[in-house]
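Fold and geometry: a report
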Amino acid sequence: MQLRNDSLNSPHYTRKVWLTRLGLHFLFVSTFAMLGGALRGFNLLLVVAGLLVGALFIQWRWSRGTVMALSLRRRLPGDAYVGKPFAVDVEVTNHSRWMTLWMLRVDDTVQSESFSAQRQSDSETPIATIRQIAPLCSESRTTYVMPQARGTLTLGPLRVLSSFPLDLLTARVTNTEQATVDVYPKLLSLNRGWQRVVSGRNDGVTGSTDRTGPNEGDFYGLRPYRDGDTLRKIHWRTSARLEHPVVAQYEQSRRYEVCLMVDAFLESSSASDVLVERAISAAATIALQLAGTTASRVVVAAAGHEAMATLASGAPDNKRKVLSLLSRVRLSPTPDLLGAFEQSVSLSGRSQDVVMLSPRSMQQAIDGVAPSLQKRLDNSFRRGRLRWLDLSSPAGSHWFEDAE
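Predicted, not measured: the structure shown is a model, and the values here were computed from it.

Description of helix 7 (residues 337-348)
In an α-helix there are 3.6 residues to a turn, and that puts residues three or four apart on one side. Taking 1.5 Å of rise per residue, 12 residues should cover 16 Å, and helix 7 covers 17 Å from first to last C-alpha, within 8% of that figure. Of all the positions in helix 7, only Leu 337, Gly 339, Ala 340, Phe 341, Ser 344 and Ser 348 are classed as buried. Between the side-chain oxygen at the start of helix 7 and the backbone nitrogen of Gly 339 there is a gap of 3.0 Å, and the oxygen is on Asp 336.

Section: the sheet that holds strand 7 (residues 137-145)
Pairing is antiparallel in the open sheet, where 3 strands are placed in the order 2-4-7. Two strands lie at the open edges of the sheet, namely strand 2 (70-75) and strand 7, each paired on one side alone. Each strand of the sheet is rotated relative to its neighbour by a mean of 20 degrees, with strand direction disregarded. With 6 bridges joining them, strand 2 and strand 4 (residues 86-94) adopt antiparallel strand pairing. When the sheet's bridge partners are listed, Arg 73 is paired in strand 4 with Glu 91.

Description of the nonpolar core
Membership of the largest hydrophobic core comes to 38 residues, with the highest contact counts inside it found for Val 198, Leu 260, Ile 286, Leu 290, Leu 326 and Phe 400. Those elements that provide at least two residues to this core are helix 3 (196-199), strand 15 (254-263), helix 5 (270-291), strand 16 (297-303), strand 17 (307-312), helix 6 (316-327) and strand 18 (353-358). Element by element, the count of residues in this core is highest for helix 5, at 10 residues. Residues in contact with Phe 400, not counting those within four places in the same chain, are Leu 188, Ser 189, Leu 190, Asn 191, Arg 278, Ala 282, Ile 286, Leu 357, Leu 389 and Leu 391. Residues Ala 80, Val 90, Leu 104 and Val 160 belong to the second largest nonpolar core, which totals 28 residues.

Describing the environment of Thr 230
Looking at the element boundaries, Thr 230 is found in the loop between strand 13 (218-224) and helix 4 (236-242). Thr 230 sits in the partly exposed class, given a relative accessible area of 34%. Separated by 17 residues in the primary sequence, Thr 230 and Val 247 have C-alpha atoms spaced 8.9 Å apart.

Concerning the UniProt feature "transmembrane region" (unreviewed entry) in the protein
Listed under "transmembrane region" (unreviewed entry) in the UniProt record, and renumbered for this structure, are residues 18-35 and 42-62. Regarding residues 18-35, the helix share stands at 83% and the strand share at 11%, and the terminal C-alpha atoms are separated by 24 Å. The span residues 42-62 is 95% helical and 0% strand by assignment, and the distance between its end C-alpha atoms comes to 31 Å.

What about the confidence of the model for the protein?
Overall, the prediction assigns the protein a mean pLDDT of 83, with 85% of residues at 70 or greater. Note on residues 200-216: pLDDT is under 50 here. Beyond four places in sequence and across chains, it has 46 contacts.

Brief notes about helix 6
Here helix 6 is 12 residues long and its end C-alpha atoms lie 16 Å apart, about the 16 Å a rise of 1.5 Å per residue gives. Among all positions in helix 6, only Asn 318, Val 322, Leu 323, Ser 324, Leu 325, Leu 326 and Ser 327 are buried.

Comments concerning the packing of helix 1 (residues 21-40) against helix 2 (residues 43-69)
At a closest axis distance of 8 Å, the pairing of helix 1 and helix 2 adopts a crossing angle of 150 degrees. As judged from the angle between their axes, helix 1 and helix 2 are roughly antiparallel. Taken as a pair, helix 1 and helix 2 cross one another with a handedness that is left-handed. Of helix 2, the residues touching helix 1 (which contributes Gly 23, Phe 26, Leu 27, Val 29, Ser 30, Ala 33, Met 34, Gly 36, Gly 37 and Ala 38) are Leu 45, Leu 46, Ala 49, Leu 52, Val 53, Ala 55 and Leu 56. Broken down by class, the residue content of the contact of helix 1 with helix 2 amounts to 13 nonpolar, 4 polar and no charged.

Considerations on the side chain of Ser 239
Residue position: Ser 239 is located in helix 4. There is a polar contact of 2.8 Å between the side chain of Ser 239 and the backbone oxygen of His 235. Among all residues touching Ser 239, those that are not within four sequence positions of it are Ile 234, His 244, Pro 245 and Val 246.

Focus: the packing of aromatic side chains
Taken as a whole and assessed by the stated rule, the structure comprises 4 aromatic pairs. Centre to centre, the rings of Trp 102 and Phe 164 are 6.0 Å apart; their planes meet at 25 degrees, and the pair counts as stacked. Of this pair, Trp 102 sits in strand 5 (residues 101-114) while Phe 164 sits in the loop between strand 8 (151-162) and strand 9 (169-175), and the two are 62 residues apart along the sequence. Taken together, the aromatic side chains of Trp 62, Trp 102 and Phe 164 make up a single cluster linked through ring pairs. One Lys or Arg, Lys 16, reaches over the ring of Trp 18 and ends 5.5 Å from the middle of that ring. Note that Arg 360 overlies the ring of Phe 265, its terminal NZ or CZ placed 3.9 Å from the centroid.

Procedures and definitions
Residues numbered from 1 in each chain as written. Predicted model: local features only at pLDDT ≥ 70, side-chain atom pairs only at ≥ 80, totals over all residues. Heavy atoms only, no water. Helix = DSSP H or I, 4+ residues; strand = E, 2+ residues; numbered from the N terminus. Expected span 1.5 Å × (residues − 1). Buried < 20%, exposed > 50% of the residue type's maximum accessible area, 1.4 Å probe, protein only. Polar contact = N/O pair within 3.5 Å; in protein donor to acceptor, adjacent residues only side chain to side chain. Pairing = 2+ DSSP bridges. Axes fitted to C-alpha atoms, helices over the stretch in contact; angles between N-to-C directions. Core = buried A, V, L, I, M, F, W, Y, C linked by side-chain atoms within 4.5 Å. Contact = heavy atoms within 4.5 Å. UniProt positions renumbered as here; feature names shortened; annotations may be inferred. pLDDT = per-residue confidence, 0-100. Parallel < 35°, antiparallel > 145°, perpendicular 65-115°, else oblique. Left-handed = near helix turned anticlockwise from the far one by under 90°. Nonpolar A, V, L, I, M, F, W, Y, C, P; charged D, E, K, R; others polar. Phe/Tyr/Trp six-rings, centres within 6.5 Å; stacked < 30°, edge-to-face > 60°. Lys NZ or Arg CZ within 6 Å of the ring centre and 35° of its normal.

Dropping the structure here:
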């Protein structure tokens, strides 16, 4: 097996060997024995000193060979979500042609840059212990990281340490190259009938949807034939068995044109932090559901410390773009709602129906905004172009449940 050793010369690597506590004791005793034997003429002390120095030299040669032969590489997943562990694969390679490496410990450091009120503390994570790596071979180990808050996780530096064989010196190889992972909001489960959030009418509030075709969608049941039904919808086999005509029903696909907007309002209470994170998770969940619908035009906007907006579509890269935007929403006591409205209009090219996902009621939001925005919210609500989902109320939260 022939391995490339380009990584051994990488500028991202640092290699170090230092004495352990036991090695310091060995060095002190060997120095004392050498001086005592030389000054007093005790040959036995000189023999002891020689044995101790020889052990230190053997350990140094082995440790030096270890750090010069090792390289390591990390592989990360493409997606990571809050509360869902993701795998980190580390591959350690022995480039030596003759030396087997023993008893290696692999460590990694996880640093969190959280945009939510919740914080994930930085930690150094022991990944694994590798018993041995044969010459010109590699060993892989996997560990799992559980993100506690959305934002960005930075992994690195990655280290491999070994004190084999005598534990007198420690050899360490460090890959200082860092890797980042965007931690997306936690996805929720949508209860039955969740489409009413974006397409139904409730107290004059509506969303805009259009049917994409008369025969599109999934089969979901049969019903008796009624006057006006087309003959091509009759389910002839079942009609013959029941001796009366029945019609097949299909759930028709829809084309959605809507703006999902998050009100990232932050209060001092921890309950409000949980609710705004749930609003962000609800927006991510609905956006992914709607993005896969044929010909839909969905805008995802967030009003937090700054306003952000993007178009959602079914392309994998676009879905990651939507989730990345929601992962970077910074909470604020004065969210930029007006800026979010303006950005959503500039992206869609026209005014869309808006579904506002918020940790507070609409009245509470109106009381704290500028008169121009207050008038705009009132007009949109009266015209049926705004649906306000207050996730602090049962009416707004019953559409969403935590995923299993």
